[in-house]
Amino acid sequence: MRSLSVQVQPERSPGIDMAAISELFQGLVSRKDLVLQHSFDSGDDNGAYFNFTFGTERPAELWRNMQDLVFLATEHKAHMAAASMAMCSSAAGWDQYLQLYHWNLDVPVVPATAL
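Residues numbered from 1 in each chain as written. Predicted model: local features only at pLDDT ≥ 70, side-chain atom pairs only at ≥ 80, totals over all residues. Heavy atoms only, no water.

### So, the pattern of salt bridges
Note the threshold: The rule for a salt bridge is simple: a side-chain nitrogen of Lys or Arg has to be within 4 Å of a carboxyl oxygen of Asp or Glu. Secondary structure elements follow DSSP: runs of H or I of four or more residues count as helices, runs of E of two or more count as strands, with numbering from the N terminus. Whether a residue is buried, partly exposed or exposed follows from its accessible area with a 1.4 Å probe, protein chains only, as a fraction of its type maximum: under 20%, in between, or over 50%, in that order.
This structure, assessed with the given rule, holds three salt bridges. Between Glu61 and Arg31 there is a salt bridge whose closest N-O contact spans 4.0 Å. Of this pair, Glu61 sits in helix 2 (residues 59–71) while Arg31 sits in the loop between helix 1 (18–28) and strand 2 (37–44); the two residues are 30 residues apart in sequence, bridging distant segments of the chain. Residue classification places Glu61 among the partly exposed positions, given a relative accessible area of 24%. Here the residues in one salt-bridge network are Arg31, Asp33, Arg58 and Glu61, joined through shared partners.

Laid out in structure tokens, this is it:
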């Protein structure tokens, strides 16, 4: 099983609707065909953060769903571009992972086809 994790740092994008974004990620949990387990947490480490992590055997399909539902949604797109990052573990864990999305355009990301 692989893990697909999204971190959102809301202070990077004033006006971001974390309640709506959290609800969208929570809605993905019902996709039993894609999500085998999940873990959501939040905290403050020199700024607030929200982590949404999903265990899946189908990371490419889950990532496409996340993109459509959250990252490309008109009302969230600009906020996610400014305040989020997404990564996917390898089958062996987090020692090797793929960076799928990052608010900092200088951080290299891999295309979804690499999943």
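### Quick look at helix 1
Worth spelling out the cut-off: Here, the arc refers to the directions that run from the helix axis to the C-beta atoms. The contact criterion used is simple: two residues touch if any of their non-hydrogen atoms lie within 4.5 Å.
Those residues of helix 1 not exposed but buried are Met18, Ile21, Phe25 and Leu28. One face of helix 1 carries all of its buried residues, which in axial projection span an arc of 75°. Opposite the buried face of helix 1, at more than 90 degrees from it, the exposed residues are Ala19 and Glu23. Where helix 1 is buried, its residues contact strand 1 (2–8), strand 2, strand 3 (48–56), helix 2 and helix 3 (77–83).

### So, the side chain of Gln99
In plain terms, the rule: The term polar contact refers here to a pair of N or O atoms within 3.5 Å; inside protein, the definition further demands a hydrogen-donor-capable atom paired with an acceptor-capable atom, and it admits residues adjacent in sequence only when both atoms are side-chain atoms.
For Gln99, the position within the fold is in strand 5 (residues 93–102). The class of Gln99 is buried, set by a relative accessible area of 11%. At 3.0 Å, the side chain of Gln99 forms a polar contact with the backbone oxygen of Tyr101. Residue contacts for Gln99: discarding those within four places in its chain leaves Met85, Ala86, Met87, Val107, Pro108, Val109 and Val110.

### Topic: the pairing of strand 3
We count it as follows: At least two bridges found by DSSP between two strands is the condition for calling them paired.
Relative to strand 3, strand 1 runs antiparallel, the two sharing seven bridges. The residue of strand 3 that forms the bridge with Gln7 is Asn51. Direction of pairing for strand 2 relative to strand 3: antiparallel, over a ladder of eight bridges. Considered in strand 3, the bridge of Ser42 is made with Phe50. The hairpin formed by strand 2 and strand 3 contains three residues between the paired strands, and Asn46 there has a positive phi angle of roughly 60°.

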